Amino acid sequence: MELATVRPGLDDLVAGIAAITGRGLGGRAAAHAVAGLLRERLHTLDPLTPQERAGSPEGYVSHILHAQEDFSVVAVVWRPGQETAVHDHLAWCAFGVISGIEHETLYRDMGDHLVEIGRADNRPGDVSGFAPPGDIHRVRNISAEVGLSVHVYGTDVSRSGSSVRRVYDLPVR
Ligand SMILES: [Fe+2]
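Residues numbered from 1 in each chain as written. Predicted model: local features only at pLDDT ≥ 70, side-chain atom pairs only at ≥ 80, totals over all residues.

S.K.: Can you help me understand the overall build of the chain in this one?
M.R.: Within the chain one finds five helices and 10 strands. Whereas a compact globule of 173 residues would reach a radius of gyration of roughly 16 Å, the chain reaches 16 Å, a difference of no more than 12%. With the C-alpha coordinates of the chain rotated into their principal frame, the extents come out at 50 × 40 × 25 Å. (Helix = DSSP H or I, 4+ residues; strand = E, 2+ residues; numbered from the N terminus. Rg over C-alpha atoms; globule rule 2.2 N^0.38 Å.)

S.K.: Please explain the environment of Ser149 as it appears in this structure.
M.R.: With respect to the helices and strands, the residue Ser149 is situated in strand E9 (residues 147-153). Judged by the 25 C-beta atoms lying within 10 Å of it, Ser149 falls in the buried class. Taking the C-alpha atoms as reference, Ser149 lies 27 Å from Val172; in sequence the two are 23 residues apart. Beyond its immediate sequence surroundings of up to four residues, Ser149 is in contact with Val76, Phe95, Gly96, Val97, Ile98 and Glu102. (Buried ≥ 20, exposed ≤ 12 C-beta atoms within 10 Å, placed from the backbone. Contact = placed C-beta atoms within 7 Å.)

S.K.: Explanation requested: the environment of His87 in the structure shown.
M.R.: With respect to the helices, strands and loops of the structure, His87 is situated in strand E3 (residues 87-89). Judged by the 18 C-beta atoms lying within 10 Å of it, His87 is partly exposed. Residues His87 and Arg138, spaced 51 residues apart in sequence, show a C-alpha to C-alpha distance of 6.5 Å. Excluding anything up to four places from it in sequence, His87 contacts Val164, Arg166, Val167 and Tyr168.

S.K.: Honestly, the environment of Asp70 in this entry has me stumped. Any pointers?
M.R.: Mapping Asp70 onto the fold places it in the loop between strand E1 (61-68) and strand E2 (71-78). Apart from the residues lying within four places of it in its own chain, the contact partners of Asp70 are Thr21 and Gly154.

S.K.: When you look at the nonpolar core in this model, what are you seeing that I'm missing?
M.R.: Considering soluble globular proteins, one finds that nonpolar side chains tend to be buried as a cluster. Ranked by size, the top nonpolar core spans 34 residues in total, and within it Ala31, Val34, Leu38, Ala75, Cys93, Ala94 and Val152 carry the most contacts. Listing elements by their share of this core, those giving two or more residues are helix H2 (10-21), helix H3 (27-41), E2, strand E4 (93-99), strand E7 (127-130) and E9. Considering every element that reaches this core, the biggest residue donor is E2, with seven residues. Sequence-distant contacts of Ala75, that is, excluding residues within four places in its chain, are made with Pro47, Leu48, His63, Leu65, Leu148 and Val150. (Core = buried A, V, L, I, M, F, W, Y, C linked by C-beta atoms within 7 Å.)

S.K.: Please explain unusual backbone geometry as it appears in this structure.
M.R.: Keep in mind that most residues, glycine aside, have a negative phi and that most peptide bonds are trans. A cis amide bond, omega 0 degrees, links Pro132 with the succeeding residue Pro133. Tracing the backbone shows Pro133 in the loop between E7 and strand E8 (136-141).

S.K.: What is the right way to read the pairing of E4 from this model?
M.R.: Consecutive side chains along a regular strand alternate between the two faces of the sheet. For E4, a buried count of six out of seven residues is recorded, marking the element as mostly surrounded by other parts of the structure. With six bridges connecting them, E4 and E9 associate as antiparallel partners. Its bridge partner being in E9, Val97 is matched across the sheet by Ser149. (Pairing = 2+ DSSP bridges.)

S.K.: Which parts of the structure should I look at to understand the packing of H2 against H3?
M.R.: When two helices pack together, you describe them by how their axes are tilted relative to each other and by the distance separating the axes. Contact pair H2 / H3: the axes reach a minimum separation of 10 Å and the direction vectors enclose 155 degrees. By the criterion of interaxial angle, the relationship of H2 to H3 is roughly antiparallel. At the point where H2 passes H3, the crossing takes the right-handed sense. Facing H2, whose interface residues are Asp12, Leu13, Gly16, Ile17, Ile20 and Thr21, H3 presents Ala30, Ala33, Val34, Leu37 and Arg41. Across the contact of H2 with H3, the residue classes tally to seven nonpolar, two polar and two charged. (Axes fitted to C-alpha atoms, helices over the stretch in contact; angles between N-to-C directions. Parallel < 35°, antiparallel > 145°, perpendicular 65-115°, else oblique. Left-handed = near helix turned anticlockwise from the far one by under 90°. Nonpolar A, V, L, I, M, F, W, Y, C, P; charged D, E, K, R; others polar.)

S.K.: Please explain H3 as it appears in this structure.
M.R.: Two residues of an α-helix separated by three or four positions point the same way, owing to the 3.6 residues in each turn. Compared with the 21 Å implied by 1.5 Å per residue over 15 residues, the 21 Å span of H3 between its first and last C-alpha is a close match. On its buried face, H3 sits against H2, E4, E7 and E9. (Expected span 1.5 Å × (residues − 1).)

Take it as geometry only, folks, not as evidence of what the structure does.
Laid out in structure tokens, this is it:
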């Protein structure tokens, strides 16, 4: 079976992202340009099988849909209440929410502790982008439905194993 039939909408999205990353933009500009593309394409994406779409009782699940040297496309499935650790990222990121509500808490690293510097609720259709530094956050699905979001990272996560640069275990004050 061809990938295109398994991951509807992905081929067009990948081609569009490659056109953006080929322009050699900096991290923040690339993230914002890819976020704009995601905003246009989000409704065309149906990237997971019903089984993948169901998520896991063990925690949120990331599916690498596409990876190449300069970017990766990852679908994340979150059951209600599932969340990430506090973390930052190896590269810029753009993401769009297809279902669920991704509640994001942002932190600043003060050396021996973290301080909370902001919160955002990302709902279906919402798209955002960011780039390191200053990208420490925790994300939680606060809705009662299974959440699905598509993330584009400016690195090959199949090589690095993850988009995470560091997990923060510091107290929040
Ligand atoms: Fe993240």
